[in-house]
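Listed below are the residues making up each chain.
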Amino acid sequence: MQVTTDLTLVGEENMLSRTVYHFKGEGKTVKIKSAGGGTRTVTYPDMEIWVDKKTGLLLKQKHQDQYYDWETTVTKIDFPSNFPTNTFKLSLPKRVKVVDAED
């Protein structure tokens, strides 16, 4: 995000009975390499985001540029106190080969 946006902390706010960090960002204009080998100029949208202080979850975001405005807001969320032990267990089919992303 630092490449595309100048981000500033507006402050802490309350949302869904939770403390959130409110950030405002101004989109940067940068030159990027295009597939054909040249470069092109891209202007990223201005944005605002609200991030849950305790969990780091994104609870609200707004984007605005010369073509469109859009907003996404979480209106209800439950945080279980304990997850069952198998919540994050991954069961892969036998023929799946797991490889390291570094390889």
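Residues numbered from 1 in each chain as written. Predicted model: local features only at pLDDT ≥ 70, side-chain atom pairs only at ≥ 80, totals over all residues. Heavy atoms only, no water.

Student: Mind showing me how you'd approach the sheet that holds strand S6 (residues 58–64) here?
Tutor: Within a sheet, neighbouring strands are paired by backbone hydrogen bonds and run either parallel or antiparallel to one another. In space, the five strands of this open sheet follow the order S1-S2-S5-S6-S7, with antiparallel pairing throughout. Both edges of this open sheet fall to strand S1 (5–15) and strand S7 (69–73), since each of them pairs with a single strand only. The average angle at which neighbouring strand axes cross in this sheet is 10°, direction not considered. Bridging between strand S2 (residues 18–27) and strand S5 (residues 46–52) involves six bridges; their strand directions are antiparallel. If you follow tyrosine 21 over to S5, its bridge partner there is valine 51. (Pairing = 2+ DSSP bridges. Helix = DSSP H or I, 4+ residues; strand = E, 2+ residues; numbered from the N terminus. Axes fitted to C-alpha atoms, helices over the stretch in contact; angles between N-to-C directions.)

Student: What exactly am I supposed to notice about unusual backbone geometry here?
Tutor: Negative phi values dominate among residues other than glycine, just as trans dominates among peptide bonds. Look at leucine 16: it is not a glycine, yet its phi comes out positive at around 55°. Its location among the elements puts leucine 16 in the loop between S1 and S2. Residue class for leucine 16 comes out partly exposed when judged on its relative accessible area of 32%. (Buried < 20%, exposed > 50% of the residue type's maximum accessible area, 1.4 Å probe, protein only.)

Student: Which parts of the structure should I look at to understand the environment of proline 84?
Tutor: Of note, proline 84 is situated in the segment after S7. Residue proline 84 is classed as exposed on the basis of its relative accessible area, which comes to 52%. Taking the C-alpha atoms as reference, proline 84 lies 28 Å from threonine 73; in sequence the two are eleven residues apart.

Student: Whenever I open this one, the side chain of threonine 4 confuses me. Can you help?
Tutor: Relative to the assigned elements, threonine 4 resides in the segment before S1. Dropping the residues within four chain positions of it, threonine 4 is found in contact with Glu26, Gly27, Lys28 and Tyr44. (Contact = heavy atoms within 4.5 Å.)

Student: I tried to follow the packing of aromatic side chains on my own but got confused; where do I start?
Tutor: Two descriptors summarise a pair of aromatic rings, namely the distance from one centre to the other and the angle between the planes of the rings. Considering all chains together, one arrives at two aromatic pairs under this definition. Geometrically, the ring pair formed by tyrosine 21 and phenylalanine 23 is tilted, given 6.3 Å between the ring centres and 55° between the ring planes. The positively charged end of lysine 60 is found above the aromatic ring belonging to tryptophan 50, 4.7 Å away from the centroid. (Phe/Tyr/Trp six-rings, centres within 6.5 Å; stacked < 30°, edge-to-face > 60°. Lys NZ or Arg CZ within 6 Å of the ring centre and 35° of its normal.)

Student: Could you clarify how one ought to interpret the side chain of aspartate 52 in this entry?
Tutor: With respect to the element layout, aspartate 52 can be found in strand S5. A relative accessible area of 1% places aspartate 52 in the buried class. Of the polar contacts made by the side chain of aspartate 52, one reaches the backbone nitrogen of threonine 55; its length is 2.7 Å. Those residues in contact with aspartate 52 that sit more than four places away from it in its chain are Arg18, Thr19, Val20, Leu57, Leu59 and Phe79. (Polar contact = N/O pair within 3.5 Å; in protein donor to acceptor, adjacent residues only side chain to side chain.)

Student: Could you clarify how one ought to interpret the pattern of salt bridges in this entry?
Tutor: If the charged atoms of two oppositely charged side chains come close together, the side chains can form a pair. This model, assessed by the stated rule, comprises four salt bridges. Across the salt bridge formed by lysine 28 and aspartate 6, the nearest N and O atoms sit 3.6 Å from each other. With lysine 28 in the loop between S2 and strand S3 (29–33) and aspartate 6 in strand S1, the pair connects residues that are 22 residues apart, well separated along the chain. A relative accessible area of 24% means that lysine 28 is categorised as partly exposed. For arginine 18, the salt bridge is made with aspartate 52, and the minimal N-O distance between the two is 2.3 Å. (Salt bridge = Lys/Arg side-chain N within 4 Å of Asp/Glu carboxyl O.)

Keep in mind these values describe shape, not function.
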